[in-house]
Each structure stands twice: as C-alpha cells, then as structure tokens.
Amino acid sequence: MADSLGPGGSFLLSADLDKSRETLESCYNDPPGYSAFADFRLNYLTQLNRRYGADFVLDDFVPEAYYNADTSTVEGRLRAQADRAVPVPGLGLTLIIPRGQFLNVGYSVKFDGQDLVREVGKHGFSLRAHWEDFDSRYGLFLFRRQET
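Scope of this entry: the structure provided in the associated data block. Residue positions are counted from 1 within each chain, in the order its sequence is given. Local features in this predicted model are restricted to residues whose pLDDT is 70 or higher, and side-chain atom pairs enter the listing and the counts only when it is 80 or higher, whereas totals over whole chains, interfaces and linings include all residues. Calculation of side-chain values draws on the structure's entire complement of heavy atoms; hydrogens and water are dropped beforehand.

1. Structural notes on the pairing of strand E8 (residues 138-145)
Relative accessible area decides the class of each residue, using a 1.4 Å probe on protein chains only: under 20% of the type maximum gives buried, over 50% gives exposed, and in between gives partly exposed. Strands here are runs of E lasting at least two residues and helices are runs of H or I lasting at least four, both read from the DSSP assignment and numbered beginning at the N terminus. Only one face of E8 is covered, namely the face carrying Gly139, Phe141, Phe143 and Arg145; the face carrying Tyr138, Leu140, Leu142 and Arg144 is uncovered. A pair of strands is treated as paired once DSSP finds two or more bridges between them. The sheet contact formed by strand E1 (residues 10-16) and E8 spans seven bridges and is antiparallel. Looking at E8, one finds that Leu13 is bridged to Phe141. The pairing of strand E7 (residues 125-132) with E8 spans seven bridges and is antiparallel. Looking at the pairing, Trp131 lines up with Leu140 of E8.

Structural data, given as structure tokens:
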C-alpha cells in the first residue's frame, strides 16, 4: 500500500474495535425470531451444493458465533447435529464431519486501536487523525505515508 500511495499519500481505515465476549457473541448470534447471520453462514453450504454438487442438508447444521479472545476474532461456525459424510464431487472429496464438530465459515477480526496504529506504523505510515464512536466500538483512522 505504501508503494501505491507514494510519499505523503493518505488512506482512511475503518476498524471494528474489540469488545467484550458477551457483546460480540450477542451481536453475531441471531436473537429468537431472526436469522440474518444464520442465513449468511448457511449460504456457504448452499454455494458448495450449487457450485460443486455437494450434498449438504442445511437443517443438519446449527449456525453459531464464537469469540476467540486469543485472536480477537469472531468465528462464524456451522455445528453438525449428527455424524455426516458429505460428498463434494466437484472437488473430488468427501467431508467427514462428526456430530458436534463445526465448519468454520468466516472470521471477523476486532482491533485494539493502539495496536492497530502501531502495526500500520511499522509499514511507514503515521496517524494523522482518528475518530471513535461514543462507546469506542468502531474507529476511523487517517494514516499518511511518511515522506522519504
């Protein structure tokens, strides 16, 4: 990115800041009567069925989100409700999924603002300005490439 911007070039970065496990898991696990995140996760299986001739039965999997504090990442999962052997002919494989195991279908990384600024700084950028919402849930960071 530094090379493409050139000396003095700037970019604006939006980041989802780290929050408590309870907050994140309640945001990423649908409340009763809603299914937006569940539908989003199950769409991975729908696409594998459509594109590669897989034989996933969507009702065999329970969508869930898990916050991994070690990596500051929300993991989107599909947990198997029974032992499954799912052929995926277009990829030449069969997936063996034991009951209770899950398929990880996505990650959503959360950031500590100070760590983010420090990491981007290692690549020749300095922070020019930053803004956060009132509760420090989300941040905008304006970085500028250092002159050389």
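2. Notes on the sheet that holds strand E6 (residues 102-109)
With antiparallel pairing, three strands are arranged side by side in an open sheet as E2-E3-E6. Edge positions in the open sheet fall to strand E2 (61-68) and E6, since each of these has one partner strand only. Mean inter-strand twist for the sheet, computed between neighbouring axes without regard to direction, equals 20°. Bridge count between strand E3 (residues 73-80) and E6: seven bridges; the pairing is antiparallel. Residue Arg79 lies in a different strand from E6, and its bridge partner there is Phe102. Sheet strands in contact with helix H2 (residues 21-28) are E2, E3 and E6, and its direction is about 155° off that of E2. Packed on one face of the sheet, helix H3 (residues 36-52) meets E2, E3 and E6 and runs near 110° to E2. Interaxial angle, 0 to 180 degrees, is taken between N-to-C directions of lines fitted to C-alpha atoms, where a helix line uses only the stretch in contact. Two residues form a contact once any of their heavy atoms are found within 4.5 Å.

3. A few points about the sheet that holds E7
Strand pairing in a sheet takes place through backbone hydrogen bonds and is either antiparallel or parallel in direction. If you walk across this open sheet you meet the three strands as E1-E8-E7, and the pairing is antiparallel. Strand pairing shows two members of the sheet lacking a second neighbour, E1 and E7, which therefore form its edges. Sheet twist, expressed as the average angle between the axes of neighbouring strands with direction ignored, equals 25°. Set on the sheet, helix H4 (residues 113-121) makes contact with E1, E7 and E8; between it and E8 the angle comes to about 20°.

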